[in-house]
Amino acid sequence: QVQLVESGGGLVQPGGSLRLSCAASGKIASIYAMGWYRQAPGKAREVVARISSGAKTIYADSVKGRFTISRDNAKNTVSLQMNTLKPEDTAVYYCNAELPPSAGWGVVDYWGQGTQVTVSS
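What this report covers is the structure whose coordinates are included nearby. All residue numbers refer to positions counted from 1 along the written sequence of the respective chain. Local features in a predicted model are, by the rule used here, given only for residues with pLDDT of at least 70; side-chain atom pairs are given and counted only at 80 or more, and totals for whole chains, interfaces and linings are based on all residues. Calculated side-chain values reflect all of the structure's heavy atoms, with hydrogen atoms and water omitted.

**What about the sheet that holds strand 3 (residues 18-26)?**
Here is step 1: One bridge is not enough; two strands pair if DSSP finds at least two bridges between them. Labels follow the DSSP assignment, with helices taken as runs of H or I lasting at least four residues and strands as runs of E lasting at least two, numbered in each case from the N terminus. Here 4 strands make up an open sheet; going across it, the order is 1-3-8-7 and the pairing antiparallel. The open sheet has two edge strands, strand 1 (2-7) and strand 7 (67-72), and neither has a second partner. For this sheet, the mean inter-axis angle between neighbouring strands, taken without regard to orientation, is 15°.
Here is step 2: Note that strand 1 and strand 3 share 6 bridges and pair antiparallel. Residue pairing across strands places V5 opposite A23, the latter belonging to strand 3. A fitted line through C-alpha atoms serves as each axis, taken over the contacting stretch for helices, and the angle formed by two N-to-C directions is quoted from 0 to 180°.

**Side note on unusual backbone geometry**
Here is step 1: Positioned with a positive phi, N76 is a non-glycine residue whose angle comes to about 55°.
Here is step 2: With respect to the element layout, N76 can be found in the loop between strand 7 and strand 8 (77-82).
Here is step 3: Positioned with a positive phi, T84 is a non-glycine residue whose angle comes to about 50°.
Here is step 4: Relative to the helices and strands, T84 is located in the loop between strand 8 and strand 9 (91-99).
Here is step 5: Burial here depends on accessible area, computed with a 1.4 Å probe over protein chains only, as a share of the maximum for the residue type. Under 20% is buried, over 50% is exposed, and the range in between is partly exposed. On the basis of relative accessibility, which here comes to 46%, the residue T84 falls in the partly exposed class.

**Describing the pattern of salt bridges**
Here is step 1: Any Lys or Arg side-chain nitrogen located within 4 Å of an Asp or Glu carboxyl oxygen qualifies as a salt bridge. Taken as a whole and assessed by the stated rule, the structure comprises 5 salt bridges.
Here is step 2: Measuring nitrogen to oxygen at the nearest pair gives 3.0 Å for the salt bridge that ties R38 to D89. Of this pair, R38 sits in strand 4 (residues 34-39) while D89 sits in the loop between strand 8 and strand 9, and the two are 51 residues apart along the sequence. The burial state of R38 is the same as that of D89; both residues are buried.
Here is step 3: Salt bridges linked by common partners bring R38, E46, R66 and D89 together as one network.

Printed below as a string of structure tokens:
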């Protein structure tokens, strides 16, 4: 079994910064893509940023230029540096990791428990 544990959420004023971290543990042979998603109250979960095993990144348009995703393959961690935060960034942020199955082909999705980010004055 694989677990993802997030940390780093909290309350920050508009224009401030936060750094989210996520560590994967358990029986891990390799991790494909990792990413961060968020869900605001009354809204669907949306992708914030994703990073491949080869460090290729994609970002939601709403966070480009403000957020930076990175990963450490040796430690099975992924981080999200969030700068110039806005009230509309307020949401629960979830870590995601795609791993190969224990047998056969395909991809298995794992999710963290979520961490609250609140941007407010």
